[in-house]
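# A look at the structure
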Amino acid sequence: MNKINIKIEGISYQVDENLTILEAAKACGYEIPSLCAFNHGECNQGSCRVCLVEVEGARGLVASCVYPVSEGMSIKISSAKAVTARRESVELLLSNHNKNCQQCDKNGQCELLHVANITGARDDAFAGVLTETHIDRLAPGLVRDTSKCILCGRCIARCENAQGIGILGYENRGFNTFVAPAEDRSFADSPCIQCGQCVNVCPTGALMEHSEIDKVDAAFKAGKHVIVQAAPAVRAALGEEFDYPIGTPVTGKMIAALRRLGFERVYDVNFGADLTIMEEGTELLGRLKNNGVLPMITSCSPGWVNYAEYNYGDLLPHLSSCKSPHQMQGAIIKSYWAEQHGINPEDIFVVSVMPCVAKKFEKEREQQKVNGIPDVDAVITTRELARMIRRAGIMFNRLPDEEWDQDIMGDYTGAAVIFGVTGGVMEAALRTVYHALTGKEKEEIVFTEVRGHEAGIREASIDIDGTVVNVAIASGMRSAKVLLDQIKEGTSKYHFIEIMGCPGGCINGGGQPYVRSCFLPNESDDIMDTYKEKRAKALYSEDERQVIRQSHNNPQIKELYDKFLGEPNSHKAHELLHTSYAAREGFNEL
Ligand code: SF4
Ligand code: SF4
Ligand code: SF4
Ligand code: FES
């Protein structure tokens, strides 16, 4: 990269030539406040004006997030004119903002408050009419509150870039502008897949997950047997909420925190992941042997399932009929576990801690219920768990490391742990399919061909003792669409495809801690590019530490089949662990 010479506050620096002033200043150690600019130009509409600086020779102040550096440029960030202009820009945003920060779940992680703080903005500098409050709470996954929206456009860009769906856009004009699905519909009445990627990028409380903490509180109050299960990706990111560096696994402390919150049992969803592999691997082998519908596509990501139902109704027979791991485990808790402990399933309340907001939708699906009883009663995200821990006064960083409860569902394998990473389900399945086809254990357990942490498509041909299995992996719907269109056109060469709704898989789910460089002064400048890889490493290292790394070797899984389910894909297994899908209209009648 060519370097150029610039000056900031009269001090000389050399910077890469292709940067904006905002990026160059950061590389030189200056934080210019910003709001609408996000993630290397993913959103760059230059509208909020909180990043204004003075540039010698330029007419007026310039928006540093869109203005490129050039040779010899001289920039003033702290001139009185620039400081005042930035403060006034924030004050204008505050003038019509519903500032009920005490009741706002974004408080503590709100970028509007952050820029107000560093610019010294006064909340009453300009008298403005408050933006009208429309609150959309109909979708189980997410909530939209127009009174908190600053029209930055990040959510619009994320839905379009990551998912290629384009649910959100600007409605109306001028002071009446707001951001919403087309015609101001609810997320529940639009083909939104409830992945929560837009929530992950929103700087304010305008888009949030649909919290279910109240439901959990009510279950405790009602004296239910409240059992919690936590997904693999949660442990790889929860520490970020308590100032641990990104990629620090906090499994033991998380278990300790869940116990102190009062849960009767604390289980790892990894047991359910091993069970999923047993069911899904058997289903795949059956389809391979019996000329079944191929390619078979994984079904554990509910955002992806929503996308398939809205957009590719004719491809639904390609989806595995397996429920996702937490749903399978919930079904076992309310059947076998309940039977073994002599508890009425209706007195059990299962809480799943998930990196995902689409799981909130999934657990409500009629097709997921067994005899009218839901497998899972509440889903809370990694962020909601952090809120519950803080609310209870638990000093997370001082907790001891504790172990999962062991009865019935305590064992898990390395294969289960890597479910949280794109390519992980595929690798876990291949470890078991190899054994099923050859009767042997694979010596080199790692399938490096399917590993990666970014969105996009990866593919491999795996030769298992002469049987070649062509596989592909995609995360994010923009990538998935390519593979789905191949199937539609009859040109797909694959036997097995893994699709995850969120780019990078569950480690980057819509319920994971927000990653914002302005709140992470100790992380490197490229953290927006590297956080997925760091979280993925936390899971791969846990896989390496496991003595048992193939799902079919999990002793408690074997016991579950021996004593209760019979064999994988048995009638009982189908009743409890499998589901069905139905094509849906994109826009329901209002
Ligand atoms: S979005 Fe931020 S500024 Fe607005 S109410 Fe919430 S915490 Fe306060
Ligand atoms: S939840 Fe996902 S699909 Fe829905 S609007 Fe947000 S990014 Fe788009
Ligand atoms: S909802 Fe959030 S991300 Fe979308 S425009 Fe409003 S403030 Fe920005
Ligand atoms: S961050 Fe530059 S105009 Fe919004």
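Here the structure is a predicted model, which is why all the values come from computation and not from measurement. (Residues numbered from 1 in each chain as written. Chains lettered and ligands numbered in written order. Predicted model: local features only at pLDDT ≥ 70, side-chain atom pairs only at ≥ 80, totals over all residues. Heavy atoms only, no water.)

As a further point, take the overall build of the protein chain. Broken down by element type, the protein chain carries 19 helices and 18 strands. Computed over C-alpha atoms, the radius of gyration of the protein chain comes to 25 Å, within 12% of the 25 Å expected from 2.2 N^0.38 for 590 residues, which places it in the range of a compact globule. Taking the principal axes of the C-alpha coordinates as reference, the protein chain spans close to 75 × 55 × 50 Å. Taking all 590 residues of the protein chain together, 59% fall into the buried category. The long-range share in the protein chain, meaning contacts at least 24 apart out of those at least 6 apart in sequence, stands at 74%. Accessible surface for the protein chain amounts to roughly 23300 Å². Of this, 48% is attributable to carbon and sulfur atoms. Taken as two groups, the 61 positive and 79 negative side-chain charges of the protein chain have centres that lie 4 Å from each other. (Helix = DSSP H or I, 4+ residues; strand = E, 2+ residues; numbered from the N terminus. Rg over C-alpha atoms; globule rule 2.2 N^0.38 Å. Buried < 20%, exposed > 50% of the residue type's maximum accessible area, 1.4 Å probe, protein only. Contact = heavy atoms within 4.5 Å. Areas by Shrake-Rupley, 256 points an atom, 1.4 Å probe, with all protein chains shown as cover. Lys, Arg positive; Asp, Glu negative; His and termini not counted. Charge placed at Lys NZ, Arg CZ, Asp CG, Glu CD.)

A few words now on the site of ligand 2. Close to ligand 2 lie Leu142, Cys159, Ile165, Ile167, Leu168, Phe187, Cys192, Ile193, Gln194, Cys195, Gly196 and Cys198. Residue composition of the shell around ligand 2, grouped by class: 10 nonpolar, two polar and no charged. (Near = heavy atom within 4 Å. Nonpolar A, V, L, I, M, F, W, Y, C, P; charged D, E, K, R; others polar.)

Moving on, we come to the site of ligand 1. The environment of ligand 1 is formed by His97, Asn98, Asn100, Cys101, Cys104, Asn107, Cys110, Leu113, Lys148, Thr204 and Gly205. For the shell around ligand 1, a count of residues per class yields four nonpolar, six polar and one charged.

Bringing the packing of helix H9 (residues 270–289) against helix H18 (residues 555–565) into the picture now. Packed helices, taken two at a time, are described by the angle between their axes plus the distance between the axes. Running from amino to carboxyl end, H9 crosses H18 at an angle of 65°, the nearest separation of the two axes being 10 Å. Viewed along their axes, H9 and H18 adopt a mutual orientation that is roughly perpendicular. Handedness of the crossing formed by H9 with H18: right-handed. Residues Phe271, Asp274, Leu275, Met278 and Glu279 of H9 pack against Gln556, Ile557, Leu560, Tyr561 and Leu565 of H18. In the contact of H9 with H18, the residues fall into seven nonpolar, one polar and two charged. (Axes fitted to C-alpha atoms, helices over the stretch in contact; angles between N-to-C directions. Parallel < 35°, antiparallel > 145°, perpendicular 65-115°, else oblique. Left-handed = near helix turned anticlockwise from the far one by under 90°.)

Let's shift gears to the domain arrangement of the protein chain. Looking at the assigned domains, one finds that the protein chain contains domain 1 (3–93), domain 2 (96–209) and domain 3 (214–577). The gap between the C-alpha centroids of domain 1 and domain 3 is 42 Å. Counting the surface lost from both domain 1 and domain 3, the interface buries some 500 Å², and carbon and sulfur atoms represent 48% of this. Interface area lost by domain 1 to domain 3 is led by Lys26, Phe38 and His40, which between them contribute 68%. (Domains from an automatic or database assignment. Buried area = accessible area lost by both parts, 1.4 Å probe.)

Where strands meet in a sheet, backbone hydrogen bonds hold them as pairs that are either parallel or antiparallel. Taken together, the four strands give an open sheet; going across it, the order is S13-S18-S17-S16, and neighbouring strands pair in mixed fashion. The sheet is open, and its two edges are formed by strand S13 (296–297) and strand S16 (456–464), each paired on a single side. With nine bridges joining them, S16 and strand S17 (residues 467–475) adopt antiparallel strand pairing. Bridging across to S17, Asp463 finds its partner in Val468. Along the sheet, helix H16 (residues 477–489) makes contact with S13, S16, S17 and strand S18 (496–500), crossing S17 at roughly 140°. (Pairing = 2+ DSSP bridges.)

Below, the discussion takes up the sheet that holds strand S5 (residues 73–76). If you trace the five strands from one edge of the open sheet to the other, you get S2-S1-S5-S3-S4, paired in mixed fashion. Either end of the sheet is taken by a strand with one partner, and the two such strands are strand S2 (11–16) and strand S4 (62–63). Where strand S1 (residues 3–8) meets S2, six bridges bridge the pair, whose relative direction is antiparallel. Its bridge partner lying in S2, Ile8 is registered against Ile11. Contacts from helix H2 (residues 80–95) reach strand S3 (52–55) and S5, with the element oriented near 155° to S3.

Helix length check: helix H17 (residues 527–545), at 19 residues, gives a terminal C-alpha distance of 26 Å against a target of 27 Å (1.5 Å per residue), a fit within 8%. Regarding H17, the residues found buried are Ile527, Met528, Thr530, Tyr531, Lys532, Arg535, Ala536, Ala538, Leu539, Tyr540, Glu542 and Asp543. Here the buried face of H17 lies against helix H7 (232–235), helix H8 (251–260), helix H14 (414–417) and helix H15 (424–438). (Expected span 1.5 Å × (residues − 1).)

Let's shift gears to helix H13 (residues 382–391). With eight of 10 residues buried, H13 is to be regarded as a mostly interior element. By the burial criterion, the buried members of H13 are Thr382, Arg383, Glu384, Leu385, Ala386, Arg387, Met388 and Ile389. Remark: Gly393 follows H13 within two positions and exhibits a positive phi of approximately 75°.

On to the pattern of salt bridges. Taken as a whole, this structure holds 40 salt bridges when the rule is applied. Note that Arg158 is salt-bridged to Glu42, the shortest N-O span being 2.6 Å. Placement of Arg158 in helix H4 (residues 154–163) and of Glu42 in the loop between helix H1 (21–27) and S3 is noted, with a sequence separation of 116 residues between them. Among the residues examined, Glu42 registers a relative accessible area of 17% and is labelled buried. Put simply, Lys215 and Glu364 hold a salt bridge, and the shortest N to O gap is 3.9 Å. A residue pair is termed long-range when its members are at least 10 positions apart, and Lys215 in helix H6 (residues 213–221) and Glu364 in the loop between helix H12 (358–362) and strand S15 (378–381) qualify at 149 residues. Judged by its relative accessible area of 40%, Glu364 falls in the partly exposed class. Each of Glu212, Lys215, Lys360, Lys363, Glu364 and Glu384 takes part in one network of salt bridges that share partners. (Salt bridge = Lys/Arg side-chain N within 4 Å of Asp/Glu carboxyl O.)

Topologically, Lys323 is positioned in the loop between helix H10 (302–311) and helix H11 (325–341). Here Leu576 takes part through its backbone oxygen, which lies 2.8 Å from a polar atom of the side chain of Lys323. (Polar contact = N/O pair within 3.5 Å; in protein donor to acceptor, adjacent residues only side chain to side chain.)

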